[in-house]
Amino acid sequence: MKISNLKILSKLWLAFATVMLVILLNSLLSLREMSEMNRAGRDLGENWLPSVQALSQLETLVVEHRVRELAHIAAQTPAAIQEQDQKIADQRHKIAETQNKYESLISSPEEKALYERFQRSWNSYIRATDKVVDLSRQSLKDEARALQLGESLNLYYEARKILSEDITLNNQGARQAAITLDTSYHEARLTIFGALVT
């Protein structure tokens, strides 16, 4: 059956149905792209950026912990030593809170493996720091300084290096989510523009 043999009303219905089908397909494609944009935007805002923020905060707290350790060695009076003991305890509490916050944001096996490496390194560093602080409390400042600049320093660098790797991983995830968001936006624009042209 040829279209030219159809009655005018049938031709109008066929044209109308064709236009509606094109609109429906365009709408479905646009909705798919918008869903992808939404997913990438949520991933960026609820996972990658909060992870980078938490890890950056954790890194700052780790550096401050190292400063507290140095201040403990420099403290000479029992009151100053006790003050530094409290500051170290407070710093460890802040670190634990930040770790708990970050742990809920871990989203991949690679990220989890990096964080587990950091925890092992950090725990080793804390054990070394406890030795340093114990020597400092006993007024064995030279021994404390030697340990602090030896084993403790190496463990500190290792923990910081792993944190840096984790920050890099999360920055890469954020960049990928932003690329996905941008790509989906442009594909949705092309889809809408294509429908307007047809």
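See the structure above.
Basis of the calculations
Residues numbered from 1 in each chain as written. Predicted model: local features only at pLDDT ≥ 70, side-chain atom pairs only at ≥ 80, totals over all residues. Heavy atoms only, no water. Helix = DSSP H or I, 4+ residues; strand = E, 2+ residues; numbered from the N terminus. Buried < 20%, exposed > 50% of the residue type's maximum accessible area, 1.4 Å probe, protein only. Contact = heavy atoms within 4.5 Å. Areas by Shrake-Rupley, 256 points an atom, 1.4 Å probe, with all protein chains shown as cover. Phe/Tyr/Trp six-rings, centres within 6.5 Å; stacked < 30°, edge-to-face > 60°. Lys NZ or Arg CZ within 6 Å of the ring centre and 35° of its normal.

K.L.:
Account for the overall build of the protein, with residues named and values stated.
P.N.:
Secondary structure assignment for the protein yields 5 helices and 0 strands. The order of α-helices and β-strands along the protein, N terminus first, is α-α-α-α-α. Split into buried and exposed, the 198 residues of the protein put 33% on the buried side. Long-range pairs, those at least 24 residues apart, make up 77% of the contacts in the protein with a sequence separation of at least 6. Surface summary for the protein: the accessible area is close to 12,100 Å², and the carbon and sulfur share equals 61%.

K.L.:
Can you break down the packing of aromatic side chains residue by residue, with the values?
P.N.:
Scanning the entire structure with this criterion turns up 7 aromatic pairs. Where Trp 13 meets Phe 16, the ring centres are 6.0 Å apart and the plane angle is 85 degrees; that geometry is what we call edge-to-face. With a gap of 3 residues between them, Trp 13 and Phe 16 both fall in helix H1 (residues 8–74), about one helical turn apart. Given a relative accessible area of 56%, Trp 13 falls into the exposed group. Its end group placed over the ring of Tyr 156, Arg 66 keeps NZ or CZ at 5.2 Å from the ring centre.

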